[in-house]
Amino acid sequence: MPDILREIENQISQAKTPATKQNVGTIRELADGVAKVEGLSEAMLNEMIDLGSGITGLALNLEETEVGVILMGDYTQLEEGDEVRTTGKLLQVPVGKQLLGRVVDTLGEPVDGKGPIQSDAFYPVERMASGIISRRPINHPVQTGIMSIDAMIPIGRGQRELIIGDRATGKTTICTDTIINQARLNKAAEDAGDTGYRPLYCIYVAIGQKESSIARLTATFEKAGAMPWTTIVAAPAADSATSQYLAPFAGAAMGEWFMDNGMDALVVYDDLSKHAVAYRQISLVLKRPSGREAYPGDVFYLHSRLLERAACVEEKYGGGSVTALPIIETQAGDVSAYIPTNVISITDGQIYLDSDLFYQGIRPAISVGISVSRVGSAAQIKAMKQMAGHLKGDLAQFEELAHFAQFGSEVDAQTQAQIDRGERIVELFKQPQYNPIPVEIQVAVIWLVQNQYADDVPVERIKEFQAKWTDFLTDRQAELLKKIAQEKELGDALQAELKDAADAFKGTWK
Amino acid sequence: MKETQQVKRDAKQLFRLCLVNGLLDENRVDQVVQRVIETGYRNRFKVLAEFRRWVRLDRTQHMATVESATPLSAEFQASLQAKLLQIYGESLSVAFAVDPTLIGGIRIAARDDVYDGSVRARLAALKTAF
């Protein structure tokens, strides 16, 4: 009881503060999630504005006689003539490990019904990216568990890799698989008590998606056991354009907390096309001048300042990293549209998903020719570098040769061998969703193909051959796999061991 | 769109013509309104509506309202007015009003600033705190 009394006294004493100066204004116009406010002479750019009734807004346009405020929450209760006030604060979101395992909205409020989030740290949503001095080169891989990506288009911690493609080509699936693989790796390291392994925490930002899709995704993560390392920031299609515009910045702020505290984070922005559309809506309602495709002039800066926040920083600046995987949806494969070209030029490479490949059954439908990672092999373990060095070139060459060969023309023996090898590699890289492959198995499988063990296996049996080899390794050669994972390099001794294992396996293969 | 912008530009121009040493001259305002109506210009009423808005905004920049639950003593009013003029400049006109819904204390609104020391505001703060 005394506690309650003390609490009441405390609350009363707080409310007894002397009259302070407040800068106020009145709502002159209210439409489409934007309020035009007269007064507010001291409002600052991006400052939070208190509109009363628990509704906050963001001052986005500071004009001669009025301020354009974008609104968050249910603004239908507001009326013209209502008094609003400045708060002197920037928009902040809760950050920290308490958010892991939760689904939150743009403001970091939980929407999963699992109770409030007790977070003691808050980060501003808009923040300057790390500078030149604080950054260090990227040299640590993000293992996606997708063999074609890990082998040919490696992603490093701190990199920004765009995932681009038409609708329903598996863009989200790549990110989902990556998150699931991180959970697998994090859990394995935790169970083994491996303190040297740096867990990768994941933040998935859903922008303008259906609530059902977000619910399905959450269920997938829960089923795969990925939620303990994942936060989902949801700004579904039913949310205001303001929420959708701010959601990726909130996700980036949550990622930055891990970076500043010496940890690694992965932020998926799904997707930035819808984000640009939400920003276009806000800009047009604010009567900002429109440019190409009616997007405002600063839509490039919108995405560049967001993606610049992905970084890998030096020890004395925290020593962590934020990796960004933005997604862009193209229309009919047109990568030369405004937003795709913008984001392609901002990021450190792109994974292009081709709908033709998807319908041919090549899944993930990665088009090797135009997919690239500008960080390159610096973000691969040495064993993978040894194995996959020429893979991308070989495969690109194969695609070209295959085009010729399909006309039925005769080809010489060497070309035929190249085509045969290519077909096998393509087959090898087909991978079902939610089924990430550990890097040591990837290395062993590629080693097998690179060393001609698969040359006499019919193309249609390659998947079976791969599955049997994987089973053989995990059942009988677990030690060898462990060595590859630990040494991260295929020395002569390991290669000899692999050769013995492959010979033994080939003997059992029928 | 173009027409609206022209109307806004015209109104702003007219408003500027009414300023003398940075302060609004009421005689000039009357003259401007009269002249604009006489011109027979097609958008004159739109221009005047926008002009009115400029004048209204200017008025609020030079006005202060002091509200209290009970009437204030003349002495207190004078000292309060002197203090407000010191902060916001000599051009400020101060009005005093009684509003019993404040319960107690005073509320001063000067330009875009509000100093709320009323009991009503404190109760509202208490309500939010709980």
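Residues numbered from 1 in each chain as written. Chains lettered and ligands numbered in written order. Predicted model: local features only at pLDDT ≥ 70, side-chain atom pairs only at ≥ 80, totals over all residues.

**Thoughts on the nonpolar core**
Consideration 1: The biggest cluster of nonpolar side chains holds 140 residues, and the ones touching the most others in it are Val69(A), Val205(A), Val233(A) and Val267(A).
Consideration 2: Among the elements that line this core, the one with the most residues is helix H5 (residues 241–260) of chain A, at 12 residues.
Consideration 3: If we skip the residues at most four places from it in the chain, Val267(A) touches Ile203(A), Val205(A), Gly251(A), Ala252(A), Gly255(A), Val322(A) and Ala324(A).
Consideration 4: Within the second largest apolar cluster, seven residues are counted, among which are Ala11(B), Phe15(B), Cys18(B) and Val32(B). (Core = buried A, V, L, I, M, F, W, Y, C linked by C-beta atoms within 7 Å. Buried ≥ 20, exposed ≤ 12 C-beta atoms within 10 Å, placed from the backbone. Helix = DSSP H or I, 4+ residues; strand = E, 2+ residues; numbered from the N terminus. Contact = placed C-beta atoms within 7 Å.)

**Some details on the packing of helix H3 (residues 171–192) of chain A against helix H4 (residues 211–224) of chain A**
Residues and elements named next belong to chain A.
Consideration 1: Remark: H3 packs on H4, axes separated minimally by 10 Å, with the N-to-C direction vectors making an angle of 25°. In terms of their interaxial angle, H3 and H4 are classed as roughly parallel. In terms of crossing hand, the pair formed by H3 and H4 is right-handed. Judged by residue contacts, Thr 176, Ile 179, Ile 180 and Ala 183 of H3 engage Leu 217, Thr 220, Phe 221 and Ala 224 from H4.
Consideration 2: Each residue belonging to the contact of H3 with H4 can be placed in one class, and the counts come to six nonpolar, two polar and no charged. (Axes fitted to C-alpha atoms, helices over the stretch in contact; angles between N-to-C directions. Parallel < 35°, antiparallel > 145°, perpendicular 65-115°, else oblique. Left-handed = near helix turned anticlockwise from the far one by under 90°. Nonpolar A, V, L, I, M, F, W, Y, C, P; charged D, E, K, R; others polar.)

**Structural notes on the interface of chain B and chain A**
Consideration 1: In this complex, chain B contributes 13 residues to the contact, which on the side of chain A involves 15 residues.
Consideration 2: Secondary-structure elements contributing two or more residues to the side of chain B that touches chain A are strand S6 (113–116) and helix H5 (119–129) of chain B.
Consideration 3: Residue classes in the side of chain B that touches chain A are distributed as seven nonpolar, one polar and five charged.
Consideration 4: Judged from the three bridges that link them, strand S1 (residues 21–31) of chain A and S6(B) form a sheet pairing that is antiparallel. Directly across from Lys21(A), in S6(B), lies its bridge partner Tyr115(B). (Pairing = 2+ DSSP bridges.)

**Describing H4(A)**
All names here are of chain A.
Consideration 1: Compared with an ideal rise of 1.5 Å per residue, which puts 14 residues at 20 Å, H4 spans 20 Å between its outermost C-alpha atoms and is within 8% of the ideal.
Consideration 2: Residues of H4 that are buried: Ile 214, Leu 217, Thr 218 and Phe 221. Here the buried residues of H4 occupy an arc of 100° about the axis, which is enough to place them on one side. Structural note: H4 exposes Ser 212, Arg 216, Ala 219 and Lys 223 on the side pointing more than 90 degrees away from its buried face. (Expected span 1.5 Å × (residues − 1). Arc of directions from axis to C-beta.)

Any functional reading would require information that these geometric values do not contain.
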